[in-house]
Amino acid sequence: MSTPPLTPELEAVLDRHGRDPTRLVQILREAQELAGWLPPPLITALARALRLPRARVEGTAAFYSFLYLRPAGRYRVLFSDNVTDRMQGSEALLDQLCERLWAEKGRVTEDGLVYIDTTSCTGLCDQGPGLLVNGWAIPRASRERLDLIAGLILEQRPLAEWPAELFHIDHPIHRRDLLLAEPPTAGEALAAVLAHDADGSGLLAQVERAGLRGRGGAGFPTARKWAACRQAPGAVHYVVCNADEGEPGTFKDRVLLAEYADLVLEGMTLCAYVLGAGRSPTQGLIYLRGEYRFLLEHLQSALARRRAAGLLGRAICGRAGFDFDIELHLGAGAYVCGEESALLESLEGKRGVPRNRPPYPVTHGYLGQPTVVNNVETFCAAAVIARHGAEAYRARGTPDSPGSKLLSVAGDCARPGVYEYPFGVTVREVLADCGAQDAQAVQVGGPSGTLVGPHEFDRRIAFEDLATAGAFTVFGPQRDLFEVVRNYVHFFAHESCGFCTPCRVGTAILRGVMDKIHAGRGARHDLEQLEQVERAMRLASHCGLGQTACNPLRDLRTRFRPTLERRLASLDFAPAFDLDAALARARAFTGRDDARAHLHTDTLAS
Amino acid sequence: MNTRLSFLLDGAEVPFTPGQSVIQAALAAGRYIPHLCYHPEFTPHGSCKLCTVRADGRPAAACTLPARAGLQVDSETEELRALRRTLVQMLFAEGNHFCPSCEKSGNCVLQSLGYDLEVHTAGFRHFFLDRPVDASHPDILLDFNRCVLCRLCVRASEEVDGKGVFYLGGRGVQRRLLVSSESGRLADTDIAVTDKAVEVCPVGVILRKHVGFAVPIGRRRYDVKPLRERALEDAPRGEEGTHG
Ligand SMILES: Cc1cc2nc3c(=O)[nH]c(=O)nc-3n(C[C@H](O)[C@H](O)[C@H](O)COP(=O)(O)O)c2cc1C
Ligand code: SF4
Ligand code: SF4
Ligand code: FES
């Protein structure tokens, strides 16, 4: 096989990344920005250049939704498919665009011009429906805006010439508390710490006293994580900011990165000070989800400003030995990469498959070195603590959940956007503030969180009650919660990394059963199967995705049971006669097992 | 030495040496824990989850769980037996496992697990995979529709054969076995029929040609001796810490 030489542009991409195989995901992403997709000879050539087995390069690309191993059209229009997008009419809009452009969903048009499909939540729920066109986010899809887009595509206008207004994204904040109201200015928190803390131990103690817990969902004590990493021996200590924000319905990290970039970067720098004690080498990384590509240049210029101001780079704030810089990595469409060990794999250029633990990232993280992974908001909170002190922080929230929490409020409410509350706020208070009368349910924490009904609206947002990574999705009385949950079940099946049996196969079975019930052919037996699969997934899944993927189903079953049972064709009668199974003998005789030798009464796998 | 390290497996003491996993120590001690992606000669993968136990009450894969003194491990409980049956049913539903027509029948770990765990029905609706087989290689046949994604062939090709012929790529139910050539065909790789990667596949994906049914069904590896006995025979044992 002859492999064509790489173009000069591709050589430049490879050189920029030092031909380092741990940069594979970044290299693939940039190669695709040049070529539009990743043709087989290109994969072969990249594998050679990086000295990797070819199948590893191909298999890695195949893991990420935004990397294409087949021609993907000159314009790729992806409709965000979160339940909030659907509530805002995304499905009809997708059909409209398909019709306008003579396209079929999920298929490149004959002339190679356009490809239209859905994608997991793009984090624009406060201004949906969201779109991605060639990776660039467009909010507020509407008939008019799609007409405009269709025209631009038919004229084959380059994206750079599209009206900038199409890509304008708002970052609405409707309630500010300690973090959003009084953020330290750039360098202020660092100066406060460096003035009296010679080795980061004072700051560590302060974060400990403040009782800061991780904002990415699990609520792990931040000081304990930092201390374990600080103690772990290693050539370099890494500070990783988890900006993957993939949980459907969550967008508060988007707002923080867009409006409070300095606060995020300051928090990371403070963490580096704790890990390296201002003496040993530290390095920072931000893993930004591919959907937030539009924030890349903004963040790069924030980094440049801080370097110029002496807040990043060598001898930060004039402290000799305190060297720290931050690098940006973009994801490529994979929710599971928000899981911290999968995130590290992806940063190392691999598929985002969660690692076996132990060892944990604090001792063996990025490139095997001690690593702290924290959520965007956690770093912001750390900077606020460094500036305002542990006591001011502890004065907010509850004893078990000190401080404040940012919520991403969306769905059936008058004022979607980000709201910051002290922990302990009730669901009812948030509903009142955002203008949501007569909600029938709220999804707190996204699909992997909890779906609560009106009798639970006095429950509190806090780690000890309703824990949340930030999503707060409101469902009005007109919504069908069965369809809401079915959407979530599809999401998990699409995003399962496929590593472990219970989640890979389980999520696909759940999707099939939910679709069967949706089609009006569900029976009691199907509910039993849902429960059997759920037990296996909770017990044996390798990571949090599989362990929590059944939460929406659990909540539907236990809190909204009538909604589920109404959908069953028959409660007691489970069709015992499986026509297809009855044909098994005939198939065996004829040695056939192809699709046409089966009676498809419903479909399970895709 | 009288300070022997040990943990409890279903109430019975199992000795171990530092660095061993729970499954290594258990098998060496003659105690079977069901497994599929674990193989004594390779680094553990931890993906099939058949070896799931409860260690001090918490679920964990025994093949990736480091043995620790005093650990209380439960394996043969009704909960875990039910889990393993569900997992085997899942694998049978995911792939095309029509055992009577499969050359691997009798030598297949998945089939034997089914017998061992008394899985009598598929339980779930089949996915009906429809991936074309690869018959391009003169000596080796690939039937992708039976892959259980254990990664043993990948590990063997990389760690033993030094080749990197196979890789598991893609995501979710699209995750699948990939062959390392631009054409995607096995004939265009440097695989040899004598490679460890060919030998190690526990199911009927990587098959040697020309040996079809040379050993008749009924006289094959797991026909002659059940899976759990074979697993215990294959377990490496040091001089220390073995009994049974
Ligand atoms: C499937 C899955 C997805 C996750 N996605 C995110 C995410 O997008 N952002 C995030 O900060 N944490 C996410 N997490 C949690 C991370 O694994 C990790 O706990 C977190 O980044 C730690 O930071 P914290 O202590 O500051 O919360 C996810 C976890 C799982 C299991
Ligand atoms: S639980 Fe799901 S996402 Fe997590 S490792 Fe298993 S297959 Fe992958
Ligand atoms: S081909 Fe065989 S050895 Fe390789 S991953 Fe699939 S089942 Fe495992
Ligand atoms: S044998 Fe342990 S997970 Fe497969």
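Residues numbered from 1 in each chain as written. Chains lettered and ligands numbered in written order. Predicted model: local features only at pLDDT ≥ 70, side-chain atom pairs only at ≥ 80, totals over all residues. Heavy atoms only, no water.

1. Some words on the overall build of chain B
Defined as follows: A run of H or I in DSSP becomes a helix once it reaches four residues, and a run of E becomes a strand once it reaches two; helices and strands are each numbered from the N terminus. The size measure is the radius of gyration over C-alpha atoms, and the globule rule it meets is 2.2 Å times the number of residues to the 0.38 power. Categorising residues by exposure relies on relative accessible area from a 1.4 Å probe, with only protein chains included: less than 20% of the type maximum marks a residue as buried, more than 50% marks it as exposed, and the intermediate range marks it as partly exposed. Any pair of residues with heavy atoms lying within 4.5 Å of one another is described as a contacting pair. All accessible areas in this document rest on Shrake-Rupley with a 1.4 Å probe, and a residue is counted as covered only by the protein chains that are shown.
Helices and strands together make up the secondary structure of chain B, namely seven helices and nine strands. Taking 244 residues into account, the globule formula puts the C-alpha radius of gyration at 18 Å, and chain B, at 19 Å, falls close to it. Buried positions account for 55% of the 244 residues belonging to chain B. Considering only contacts within chain B whose residues lie at least 6 apart along the sequence, 64% involve residues at least 24 apart. A total of about 10,500 Å² of accessible surface is found on chain B, and carbon and sulfur atoms cover 50% of it.

2. Digging into helix α4 (residues 54-63) of chain A
With respect to burial, α4(A) is a largely interior element, nine of its ten residues being buried. For α4(A), the complete set of buried residues consists of A:Arg54, A:Ala55, A:Arg56, A:Val57, A:Glu58, A:Gly59, A:Thr60, A:Ala61 and A:Phe63. Elements in contact with the buried residues of α4(A): α2 (24-35) and α3 (40-50) of chain A together with β7 (166-169) and β8 (176-179) of chain B.

3. Structural notes on unusual backbone geometry
Here A:Gly128 and A:Pro129 are connected by a cis peptide whose omega angle stands at -10°. Relative to the assigned elements, A:Pro129 resides in the loop between β2 (114-119) and β3 (131-133). Cis geometry marks the peptide bond from A:Arg357 to A:Pro358, where omega comes out at 0°. Phi is positive for B:Asp56, close to 50°, though the residue is something other than glycine. As for its placement among the helices and strands, B:Asp56 is situated in the loop between β3 (52-55) and β4 (58-61).

4. What about the side chain of A:Ser401?
All names here are of chain A. Test applied: Identification of polar contacts relies on pairs of N or O atoms within 3.5 Å, with a donor-acceptor requirement for protein atoms, meaning one able to donate a hydrogen and the other able to accept it, and with residues adjacent in sequence counted only if both atoms are side-chain atoms.
In this fold, Ser 401 is placed in the loop between α17 (390-394) and β10 (404-411). One polar contact links the side chain of Ser 401 to the main-chain amide nitrogen of Phe 463, over a distance of 3.0 Å. The residues touching Ser 401, leaving out its near neighbours within four places in the chain, are Phe 423, Ala 462, Phe 463 and Glu 464.

5. Remarks on the sheet that holds β2(A)
All names here are of chain A. The cut-off we apply is this: By the convention used here, strands pair only if DSSP detects at least 2 bridges between them. In this analysis, axes come from line fits to C-alpha atoms, helices being fitted only over the stretch in contact, and the angle between any two N-to-C directions falls in the range 0 to 180 degrees.
Sheet architecture is open: four strands sit in the order β2-β1-β3-β4, paired in mixed fashion. Lying at the two open borders of the sheet, with one neighbouring strand each, are β2 and β4 (136-138). Neighbouring strand axes in the sheet, compared pairwise and without regard to direction, differ in orientation by 25° on average. Strand contacts of helix α7 (residues 143-154): β1 (75-80), β2, β3 and β4, with the helix running at about 160° to β1, the strand carrying the most contacts.

6. Brief notes about the pattern of salt bridges
All names here are of chain A. What counts, and what does not: Only one rule defines a salt bridge in this text: a Lys or Arg side-chain nitrogen within 4 Å of an Asp or Glu carboxyl oxygen.
For the structure on display, the rule yields 74 salt bridges over all chains. The residue Glu 345 makes a salt bridge to Arg 355 at a minimum N-O spacing of 2.7 Å. A residue pair is termed long-range when its members are at least 10 positions apart, and Glu 345 in helix α15 (residues 340-347) and Arg 355 in the loop between α15 and β9 (371-375) qualify at ten residues. Given the relative accessible area of 13%, Glu 345 is considered buried. Close ionic contact of Arg 557 with Glu 534 constitutes a salt bridge, the shortest N to O distance being 2.9 Å. You can see Arg 557 sitting in helix α23 (residues 551-559) and its partner Glu 534 sitting in helix α21 (residues 524-540), a full 23 residues away along the chain.

7. Thoughts on helix α19 (residues 481-495) of chain A
Residues and elements named next belong to chain A. Our working rule: A helix's residues, less one, multiplied by 1.5 Å, set its expected span.
Between its terminal C-alpha atoms α19 stretches 21 Å, which fits the 21 Å expected from 15 residues at 1.5 Å a residue. For α19, the buried fraction is high: twelve of the 15 residues fall into the buried class. What α19 keeps buried is the set Leu 481, Phe 482, Val 484, Val 485, Arg 486, Asn 487, Tyr 488, Val 489, Phe 491, Phe 492, Ala 493 and Glu 495. The N-cap residue of α19 is Asp 480: its side-chain oxygen and the backbone nitrogen of Phe 482 are 2.9 Å apart.

8. Structural notes on the interface of chain A and chain B
Applicable threshold: Accessible-area loss on putting two parts together, using a 1.4 Å probe and summing over both, is the definition of buried area adopted here. Charged residues are taken to be Asp, Glu, Lys and Arg, nonpolar residues to be Ala, Val, Leu, Ile, Met, Phe, Trp, Tyr, Cys and Pro, and polar residues to be all remaining types, Gly included.
Tallying the contact residues gives 55 residues for chain A and 46 residues for chain B. Summed over both partners, the interface of chain A with chain B comes to about 4,200 Å²; 59% of that surface belongs to carbon and sulfur atoms. The partner of A:Glu495 in a salt bridge is B:Arg171, with the nearest N and O atoms 3.3 Å apart. Across the chain A-chain B interface, the total number found is 22 residue pairs in polar contact (both at pLDDT 80 or more). Contributing elements (two or more residues each) for the side of chain A that touches chain B: α3, α4, α19, α20 (501-518) and α21 of chain A. Of the residues assigned to the side of chain A that touches chain B, the class counts are 26 nonpolar, 18 polar and eleven charged.

9. As for the sheet that holds β4(B)
All names here are of chain B. Spatially, five strands are ordered β2-β1-β5-β3-β4 in an open sheet, and the strand pairing comes out mixed. The open sheet is flanked by β2 (12-15) and β4, the only strands paired with a single partner. Neighbour to neighbour, the strand axes of the sheet diverge by 35° on average, direction disregarded. Here four bridges tie β3 to β4, and the two strands are oriented antiparallel to one another. The residue bridging Val 53 from the neighbouring strand is Ala 60, located in β4. Sheet strands touched by helix α2 (residues 78-94): β3 and β5 (72-74). Its angle to β3, the strand with the most contacts, is close to 155°.

10. Re the environment of B:Val14
Residue and element names in this part refer to chain B. The topology assignment puts Val 14 in strand β2. A relative accessible area of 0% places Val 14 in the buried class. As for Val 14 and Ala 55, which are separated by 41 residues in sequence, their C-alpha atoms are 14 Å apart. If sequence neighbours within four positions are ignored, Val 14 has contacts with Leu 5, Ser 6, Phe 7, Leu 9, Ala 25, Ala 26, Ala 29 and Arg 31.

11. Re empty space enclosed by the protein
Operational definition: Both site types are read off a 1 Å grid over the protein atoms alone. A 1.4 Å probe that fits but cannot get out defines a cavity, while an open set with protein on both sides within 12 Å along at least five of seven lines defines a pocket; lining residues have an atom within 4 Å of a point. Grid points are joined across faces, edges and corners, and a volume is the space filled by probe spheres set on the points.
Following the criterion strictly, the structure yields five cavities of 30 Å³ or more and no others. Forming the boundary of the largest cavity are 17 residues, of which A:Arg289, A:Glu291, A:Gly333, A:Ala334 and A:Tyr335 lie nearest the centre.

12. Overview of the site of ligand 1
All names here are of chain A. Heads up, the condition is: Being near a molecule or strand, for a residue, means having at least one of its heavy atoms within 4 Å of it.
Neighbouring ligand 1 are 18 residues; Gly 216, Glu 340, Asn 374, Asn 375 and Thr 378 lie closest to it. In the environment of ligand 1, an oxygen atom lies 3.0 Å from a nitrogen or oxygen atom belonging to the side chain of Asn 242. Contact between ligand 1 and Gly 246: an oxygen atom at 3.3 Å from a main-chain N or O atom of the residue. Here ligand 1 loses 88% of its free accessible area of 610 Å² to cover by the protein chains. Elements with a minimum of two residues in the shell around ligand 1: β9 and α22 (544-548). Here the shell around ligand 1 gets three residues from one element, more than from any other, and that element is β9.

13. A few points about the confidence of the model for chain A
In plain terms, the rule: The predictor attaches a confidence to each residue, and that confidence, scored 0 to 100, is pLDDT.
Per-residue confidence for chain A gives a mean pLDDT of 94, with 93% of residues at or over 70. Low confidence marks residues 601-606 of chain A, where pLDDT is under 50. Its contacts with residues over four positions away, or in another chain, come to 16 contacts.

14. Observations regarding the packing of aromatic side chains
Note on aromatic pairs: each is described by the distance of the centres and the angle between the planes. So the rule is basically this: Two aromatic rings from Phe, Tyr or Trp, using only the six-membered ring of Trp, form a pair when their centres are within 6.5 Å; if the ring planes differ by under 30 degrees the pair is stacked, by over 60 it is edge-to-face, and anything between is tilted. Charges are assigned to positions over rings by a cutoff of 6 Å between ring centre and Lys NZ or Arg CZ, combined with an angular limit of 35 degrees from the ring normal.
The final tally for this structure, using the stated rule, is 13 aromatic pairs over all chains. Seen from their ring centres, A:Tyr238 and A:Tyr366 are 4.8 Å apart, and the 85° between their planes marks the pair as edge-to-face. Linking A:Tyr238 in strand β6 (residues 237-243) with A:Tyr366 in the loop between α15 and β9, this pair joins segments that are 128 residues apart in sequence. The residues A:Tyr238 and A:Tyr366 share a single accessibility class, namely buried. Between A:Phe491 and A:Phe492, the aromatic rings sit 5.2 Å apart at their centres with planes inclined by 65°, giving edge-to-face as the arrangement. Taking the relative accessible area as the measure of exposure, A:Phe491 reaches 6% and is therefore buried. Since its relative accessible area comes to 1%, A:Phe492 is described here as buried. An aromatic cluster of three or more residues is present, and its members are A:Tyr75, A:Trp162 and A:Phe167. The ring of A:Tyr292 carries A:Arg289 above its face, with NZ or CZ at 5.3 Å from the centroid. When the ring centre of B:Phe144 is taken as reference, the NZ or CZ atom of B:Arg176 above it lies at 6.0 Å.

15. A short note on the nonpolar core
To be explicit about the condition: In this text, buried Ala, Val, Leu, Ile, Met, Phe, Trp, Tyr and Cys residues form a nonpolar core when linked through side-chain atoms within 4.5 Å.
Formed by 154 residues in total, the largest nonpolar core has its most connected members in B:Phe7 and B:Phe166. A:Leu124, A:Ile173, A:Val376 and A:Ala410 belong to the second largest nonpolar core, which has 81 residues in total.

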